[in-house]
Amino acid sequence: MNRDLTIGRADQLARQAHEAAEVRALAAHPDVLALRVERIGAQIDALLWAGIGLGLLFTTVNVQRFAAAGAPAFSTVWWAAWLLDPMVSLVLLAVIRAEQVTARHQLPRSTWARVTKWATFMATYVMNTWEAWGLHGGTLSPAGVVLHSIPPLLVLLAAEAGPELREQLARSAAAAGGAVDTSVREPVATPVEDVHEHRGEVAGEAGTHGAEPARQRPGPVRRRRLDDYLAEARAAPATARATGDAPVVTPSWCRAVTGCSAGTSVKLAAALRAPDAVGVGS
């Protein structure tokens, strides 16, 4: 009875170990890593655009007051003054958007684009802080200068840092997408394989000697490495080629040929499809 409970517990642990091995193998897959980097890049883009949009909206009122120059409310000049800040902001947003795309493809930034970005920033900054500097016939307000300088400066910093961040994220996604390690030296056999091998030995002994299995400690079992699976997979298609069938290297094909686990089959298929890998069946 105790032996049955022990085997049942071993089966449960083996299944958990097998599932954990598959999850870890797939979590470390290059495509999964690249997808995570791209998702992080999308979140960063959203946060940058939100900060830039809020910063430009904050400057709208001061720019309108600068352009209106004391004109009566709701007059033609007063309404026309509301067009100045969106005019400058739209040009700035167009440049930032263009740099976002070029940075994602790791292309050099245009000199004129940077000149336009800095020109629109300076225009926004001057119009936004003109009154605080006391240049409109008033008095200097240090607190007003600080208050109305922070939003434009944050917009400029976000516009400058955004392309750099996107370029680094693009490189990270490319590096993760090509990170197929074919020189793995860690044991890749999952605990479920060892448990089934041990259970097979115990069952064989029980069938030979009756109800009381021989209480012999099994000798050390050599775990199969990725190189062993690679050698077996490359040698297996020789028979298939003799019949004219060309093997298609997929994780399921690797499992059928070598008997490896699902997690190992993903690494094995990626290693066999690598450009510098030795041909299958050679």
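Located above this text is the structure these notes cover.
We now turn to the structure provided with this report. Only a predicted model underlies this, so the values are computations on that prediction, with no experimental measurement involved. (Residues numbered from 1 in each chain as written. Predicted model: local features only at pLDDT ≥ 70, side-chain atom pairs only at ≥ 80, totals over all residues. Heavy atoms only, no water.)

**Topic: the overall build of the chain**
Logical step 1: A tally of helices and strands in the chain yields 11 helices and zero strands.
Logical step 2: Here the chain holds 282 residues, and 32% of them are scored as buried.
Logical step 3: When contacts within the chain are restricted to residue pairs at least 6 apart in sequence, long-range pairs at least 24 apart make up 70% of them.
Logical step 4: Accessible surface, the chain: about 17100 Å² in total, of which carbon and sulfur atoms supply 64%. (Helix = DSSP H or I, 4+ residues; strand = E, 2+ residues; numbered from the N terminus. Buried < 20%, exposed > 50% of the residue type's maximum accessible area, 1.4 Å probe, protein only. Contact = heavy atoms within 4.5 Å. Areas by Shrake-Rupley, 256 points an atom, 1.4 Å probe, with all protein chains shown as cover.)

**As for the packing of aromatic side chains**
Geometrically, a pair of aromatic rings is defined through the distance of the ring centres and the angle of the planes.
Logical step 1: A complete count under the given rule lists seven aromatic pairs for this structure.
Logical step 2: For the pair F74 and W79, a centre-to-centre distance of 6.0 Å together with 50° between the ring planes defines the contact as tilted.
Logical step 3: Under the relative-accessibility criterion, F74 is labelled exposed at 60%.
Logical step 4: Taken together, the aromatic side chains of F74, W78, W79 and W82 make up a single cluster linked through ring pairs. (Phe/Tyr/Trp six-rings, centres within 6.5 Å; stacked < 30°, edge-to-face > 60°.)

**Let's talk about empty space enclosed by the protein**
Logical step 1: Following the criterion strictly, the structure yields one cavity of 30 Å³ or more and no others.
Logical step 2: One number sums up the size of the largest cavity: a volume of about 70 Å³.
Logical step 3: When residues in the lining of the largest cavity are grouped by element, the largest group, five residues, is from helix α6 (residues 142-177).
Logical step 4: Residues that form the lining of the largest cavity fall into these classes: eight nonpolar, three polar and one charged. (1 Å grid on protein atoms, 1.4 Å probe; cavity = no way out; pocket = protein on both sides within 12 Å on 5 of 7 lines; lining within 4 Å. Points joined across faces, edges and corners; volume = space filled by probe spheres on them. Nonpolar A, V, L, I, M, F, W, Y, C, P; charged D, E, K, R; others polar.)

**Observations regarding the pattern of salt bridges**
Logical step 1: For the coordinates displayed, the defined rule picks out nine salt bridges.
Logical step 2: A salt bridge links D45 to R166, with the shortest nitrogen-to-oxygen separation between them at 2.7 Å. Taken together, the residues D45 in helix α2 (residues 30-68) and R166 in helix α6 connect sequence positions 121 residues apart. With respect to burial, D45 and R166 carry one shared label: buried.
Logical step 3: Close ionic contact of E160 with R109 constitutes a salt bridge, the shortest N to O distance being 3.7 Å. Here E160, found in helix α6, pairs with R109, found in the loop between α4 (84-104) and α5 (111-129); they are 51 residues apart in sequence, far enough to count as distant.
Logical step 4: Judged by its relative accessible area of 15%, E160 falls in the buried class.
Logical step 5: Through salt bridges with shared partners, one network takes in E99, R109, R114, K117, E160 and E164. (Salt bridge = Lys/Arg side-chain N within 4 Å of Asp/Glu carboxyl O.)

**Comments concerning α4**
Logical step 1: With 21 residues, α4 extends 31 Å from end C-alpha to end C-alpha; this agrees with the ideal 30 Å at 1.5 Å per step.
Logical step 2: Of all the residues in α4, the buried ones are D85, V88, S89, L92, V95, I96, E99, Q100 and A103. Around the axis of α4, the buried residues are gathered within 145° of arc, so they sit on the same side. Exposed and oriented more than 90 degrees from the buried face of α4 are M87 and L90.
Logical step 3: Immediately beyond the C-terminal end of α4, within one or two residues, lies Q106, with a positive phi of roughly 60°. (Expected span 1.5 Å × (residues − 1). Arc of directions from axis to C-beta.)

**A short note on the side chain of Q100**
Logical step 1: Tracing the backbone through its elements, the reader meets Q100 in helix α4.
Logical step 2: Once residues within four sequence positions are removed from consideration, Q100 is found in contact with D45, W49 and R166.

**Describing the nonpolar core**
Looking at soluble globular proteins, one finds that nonpolar side chains tend to be buried together.
Logical step 1: L226, Y229, L230, A233, V249, W253, C254, C260, L268, A269, A271 and L272 form the largest nonpolar core, which has 12 residues in total.
Logical step 2: Counting residues per element, the ones that place at least two in this core are α8 (226-235), α10 (251-258) and α11 (262-273).
Logical step 3: In this view, C254 contacts V249, G259, C260, S265, L268, A269 and L272; residues no more than four positions away in its chain are not counted.
Logical step 4: Residues I52, I96, V155 and A158 belong to the second largest nonpolar core, which totals eight residues. (Core = buried A, V, L, I, M, F, W, Y, C linked by side-chain atoms within 4.5 Å.)

**Considerations on the packing of α8 against α10**
Logical step 1: Between α8 and α10, the least distance of the axes is 10 Å, while the angle of their chain directions is 90°. Looking at the two axes, α8 sits roughly perpendicular to α10. For the pair α8 and α10, contact is made by Y229, E232 and A233 and by W253, V257 and T258, respectively.
Logical step 2: Taken together, the residues of the contact of α8 with α10 sort by class into four nonpolar, one polar and one charged. (Axes fitted to C-alpha atoms, helices over the stretch in contact; angles between N-to-C directions. Parallel < 35°, antiparallel > 145°, perpendicular 65-115°, else oblique.)

**Re a nonpolar patch on the surface**
Logical step 1: A cluster of nonpolar side chains, namely V146, I150, L154 and L157, defines an oily patch on the protein surface of about 390 Å² accessible area.
Logical step 2: You can see I150 is positioned in helix α6.
Logical step 3: For I150, a relative accessible area of 45% corresponds to the partly exposed category. (Patch = residues over 30% accessible without salt bridge, like charges linked within 9 Å, V, L, I, M, F, W, Y side chains within 5 Å.)

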